[in-house]
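# Descriptive structure summary
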Amino acid sequence: MLEFVKGAMAALQEEAAAYSPGVVIWMKVMAAVLFSGTLFAPVKAGARWILVAALGTAFGLVLFKALLPDTSRTAIGTTIHLVLWPVVLAMVWKPGSRRQRREVPQSAFHRTYTVWLVAASAIMAVSILLDLKAALG
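Now for a quick tour of the structure.

Conventions we followed
Residues numbered from 1 in each chain as written. Predicted model: local features only at pLDDT ≥ 70, side-chain atom pairs only at ≥ 80, totals over all residues. Heavy atoms only, no water. Salt bridge = Lys/Arg side-chain N within 4 Å of Asp/Glu carboxyl O. Helix = DSSP H or I, 4+ residues; strand = E, 2+ residues; numbered from the N terminus. Axes fitted to C-alpha atoms, helices over the stretch in contact; angles between N-to-C directions. Parallel < 35°, antiparallel > 145°, perpendicular 65-115°, else oblique. Contact = heavy atoms within 4.5 Å. Core = buried A, V, L, I, M, F, W, Y, C linked by side-chain atoms within 4.5 Å. Buried < 20%, exposed > 50% of the residue type's maximum accessible area, 1.4 Å probe, protein only.

Under the definition given, this model contains one salt bridge. Its salt-bridge partner being Glu15, residue Lys65 comes within 2.4 Å of it at the nearest N-O pair. Note that Lys65 is positioned in helix α3 (residues 45–67) and Glu15 in helix α1 (residues 2–17), a separation of 50 residues in sequence.

Laid out in structure tokens, this is it:
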């Protein structure tokens, strides 16, 4: 089983190595911003949702590459983003969540979290739009 996963990860890394430098930079920025949510996750539900998106994407890439080795990383990632990420953004930005964030005392930590949450959400939204364009075009 471990070899199965190692083979899928190696195939994913090989495909990513062929991406243009701009795409590689975008993927690294996305990963850094999304996974930096670990700083806020112990106390902020929005950060936990963003981490669900990041971990779900990473796990999904490996799982589906292992199960469907002839499917490209791009196709797998696009599908995961288009299915999972809108749900996560909807949970983060639903009215009840926004109301709760406004009611929290405005500490430096909360302001930093809010900036991070907006940035992470914007990155996810842009990625969804790029994936939608790729899927349709």
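To continue, consider the packing of α1 against α3. Contact geometry for α1 and α3: axes closest at 8 Å, N-to-C directions at 105 degrees. Here α1 lies roughly perpendicular to α3, going by the angle between them. Of α3, the residues touching α1 (which contributes Phe4, Val5, Ala8, Met9, Ala11, Leu12 and Glu15) are Leu61, Val62, Lys65, Ala66 and Leu67.

Counting residues in hydrophobic clusters, the biggest one holds 21 residues, and the most contacted among them are Leu34, Ile50, Trp85, Trp116 and Met124. Every element with two or more residues in this core is listed here: α2 (21–35), α3, α4 (73–93) and α6 (108–136). At seven residues, the largest contribution of residues to this core is made by α6. In contact with Ile50, not counting residues within four places along its chain, are Leu34, Val88, Val92, Trp116, Leu117, Ala120, Ser121 and Met124. Listed in part, the seven residues of the second largest apolar core include Val62, Ala66, Ile76 and Ile80.

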